[in-house]
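# Structure at a glance
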Amino acid sequence: MSRDRKVIVLTPPGRSAIATVRIEGVDALLDVCRYLSTRKGNPVNITPAARPILARLKLPLGGSEEVVLHAASGECVEIHCHGSPLLVEQIVDLFVQMGYARESVEAWIDRTESDIIAAEARRSLCEVLTFRGVQILIDQYRGALKGRVEVVQHLIQTKNMEGTIELLDELLRWGELGLHLVKPWKVALVGPANVGKSSLLNRLVGYDRAIVDATPGTTRDFVTAVTAIDGWPSELCDTAGLRQPQDPIEEEGVRRTLAVADAADLVVLVFSCADPWSKDYDSWRERWPRSLVVYNKCDLPAAQGDRPAGLEVSAVSGHGLAELEQEVVNRLVPVVPSPGTAVPFTDRQIRLLRQTRDAVLRGDYSEAEKHISTLLGH
Ligand SMILES: Nc1nc2c(ncn2[C@@H]2O[C@H](COP(=O)(O)OP(=O)(O)OP(=O)(O)O)[C@@H](O)[C@H]2O)c(=O)[nH]1
Ligand SMILES: [Mg+2]
């Protein structure tokens, strides 16, 4: 019986402002109505497909909760409630006790979505970190990527090597951006001790995430904070200052700094305007040649001598911080896809696009077609 009666939490796990619980079953609406009342305690009747209504839902542990309800039909009701996991669990329990089977959102998507790319988009939409990401994923859900992949398929069938490679390159160009809609870009703040790396992290995320102190060597381990820069999810990582370690803990801190910087999508090399350029710094620029050079403390008198070009900022006065953010974005996302652009956004899609490209370059069109069919879920 419970096979066709389902309760699904549509919103991702964890705390959020609002959670949505979907109830599916022949008597879904009747079952929900049994536990509803108006604020004054009167019964509530919902008309299927009508506008959402506000009501109180009686809870198994006692008391009631104000919820917004929408019944798409008599067999499907969505309950929008406060996002507290405790409340969500109580609502789920209420229906489980009535014989409804709990279904994961992934299983629900697989059951209700026949198009594999649309299903991936719906799954990614559960994890997406910013509104920009939502817009791009909705385009893919509506078929932007699928449409272009079908064109690739046609080009393969007509053995058009040049056209296929051109289109595959156009799609793969957005791969990195697509993957970073649910996984933030990693930006490491690296540099000598005491130049203001932790102060910059705090300014960029807007709260005091890292300890700041006038003593060099304050940050011993790396400290991360996820934020959005111009709408792109970014994990900023403040690191221990690079200097001759004074003790084994600092030595480990420096080792971690190097590892974090090597793995980052972007290294921001932070120096101080007030310190003269040192020969050591050249080796860091060689190690991370694509790094962004920043001179902090530009509110202080500048040190004498030459130094490489870089952005002048001040974590204290705020000077240059908007330009710094803009430059970080320019490095991570130099071109923004226009609305409706086909953007691959999962490892699976990107791997299959690359495999298709390799096969086409080898002239193996049947292998290429196999990969494209897999990508389309055929
Ligand atoms: N005048 C001035 N002082 C700054 C600025 N940014 C940071 N400071 C000061 O410089 C000192 C060091 O700042 P931190 O942010 O702790 O420097 P850090 O690079 O993280 O230092 P370590 O963790 O030791 O490597 C503190 O006293 C800050 O208040 C700035 O833009 N101007
Ligand atoms: Mg620090």
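The structure we're discussing is the one just above.
Cut-offs applied
- Residues numbered from 1 in each chain as written.
- Chains lettered and ligands numbered in written order.
- Predicted model: local features only at pLDDT ≥ 70, side-chain atom pairs only at ≥ 80, totals over all residues.
- Heavy atoms only, no water.
- 1 Å grid on protein atoms, 1.4 Å probe; cavity = no way out; pocket = protein on both sides within 12 Å on 5 of 7 lines; lining within 4 Å.
- Points joined across faces, edges and corners; volume = space filled by probe spheres on them.
- Helix = DSSP H or I, 4+ residues; strand = E, 2+ residues; numbered from the N terminus.
- Nonpolar A, V, L, I, M, F, W, Y, C, P; charged D, E, K, R; others polar.
- Buried < 20%, exposed > 50% of the residue type's maximum accessible area, 1.4 Å probe, protein only.
- Pairing = 2+ DSSP bridges.
- Donors = N, O, S within 2.8 Å, 3.2 Å for Na, K, Ca; no water.
- Contact = heavy atoms within 4.5 Å.
- Near = heavy atom within 4 Å.
- Polar contact = N/O pair within 3.5 Å; in protein donor to acceptor, adjacent residues only side chain to side chain.
- Areas by Shrake-Rupley, 256 points an atom, 1.4 Å probe, with all protein chains shown as cover.

Right, let's get into empty space enclosed by the protein. Where empty space is left can be seen by rolling a probe of water-molecule size over the atoms. The full count for this structure, using the stated rule, is 1 cavity of 30 Å³ or more. A volume near 50 Å³ is recorded for the largest cavity. Taken together, V187, L189, L204, I229, L236, V268, L324, E325 and V328 form the lining of the largest cavity. Counting residues per element, the ones that place at least two in the lining of the largest cavity are strand 8 (185-190) and helix 12 (321-332). Among the elements that line the lining of the largest cavity, the one with the most residues is helix 12, at 3 residues. Grouping the constituent residues of the lining of the largest cavity by class yields 8 nonpolar, no polar and 1 charged.

The next point concerns the pairing of strand 11 (residues 266-272). If a strand is regular, its side chains alternate between the two faces of the sheet. Among the 7 residues that make up strand 11, 7 are buried, leaving the element largely enclosed by the rest of the structure. Here strand 11 shows two buried faces, one formed by L266, V268, V270 and S272 and the other by V267, L269 and F271. Here strand 8 runs beside strand 11; their pairing, made up of 4 bridges, is parallel. Looking across to strand 11, one finds that A188 is bridged to V267. Two elements, strand 11 and strand 12 (residues 292-296), share 5 bridges in a ladder whose sense is parallel. The residue bridging L269 from the neighbouring strand is V293, located in strand 12.

Once that is clear, we can look at the coordination of the magnesium ion (ligand 2). Within the protein, the magnesium ion (ligand 2) binds to S198 (OG) and T219 (OG1); these donor distances fall in the range 1.9 to 2.1 Å. You can see S198 sitting in helix 9 (residues 197-205) and its partner T219 sitting in the loop between helix 9 and strand 9 (223-229), a full 21 residues away along the chain. The pair S198 / T219 is uniform in exposure class, with both members buried.

Within the secondary structure layout, L179 lies in helix 8 (residues 175-179). When the C-alpha positions of L179 and F345 are compared, they lie 4.9 Å apart, and in sequence the two are 166 residues distant. With near-sequence residues (within four places) excluded, L179 lies in contact with P344, F345, T346, D347 and I350.

Neighbouring ligand 1 are 23 residues; K197, S198, S199, G217 and D299 lie closest to it. K197 has a polar side-chain atom sitting 2.8 Å from an oxygen atom of ligand 1. One of the backbone nitrogen or oxygen atoms of D213 is found 3.2 Å away from an oxygen atom of ligand 1. Here ligand 1, which alone exposes 650 Å², has 88% of that area covered by the protein. At 3 residues, helix 9 tops the list of elements feeding residues into the shell around ligand 1. Of the residues that constitute the shell around ligand 1, the class distribution is 8 nonpolar, 11 polar and 4 charged.

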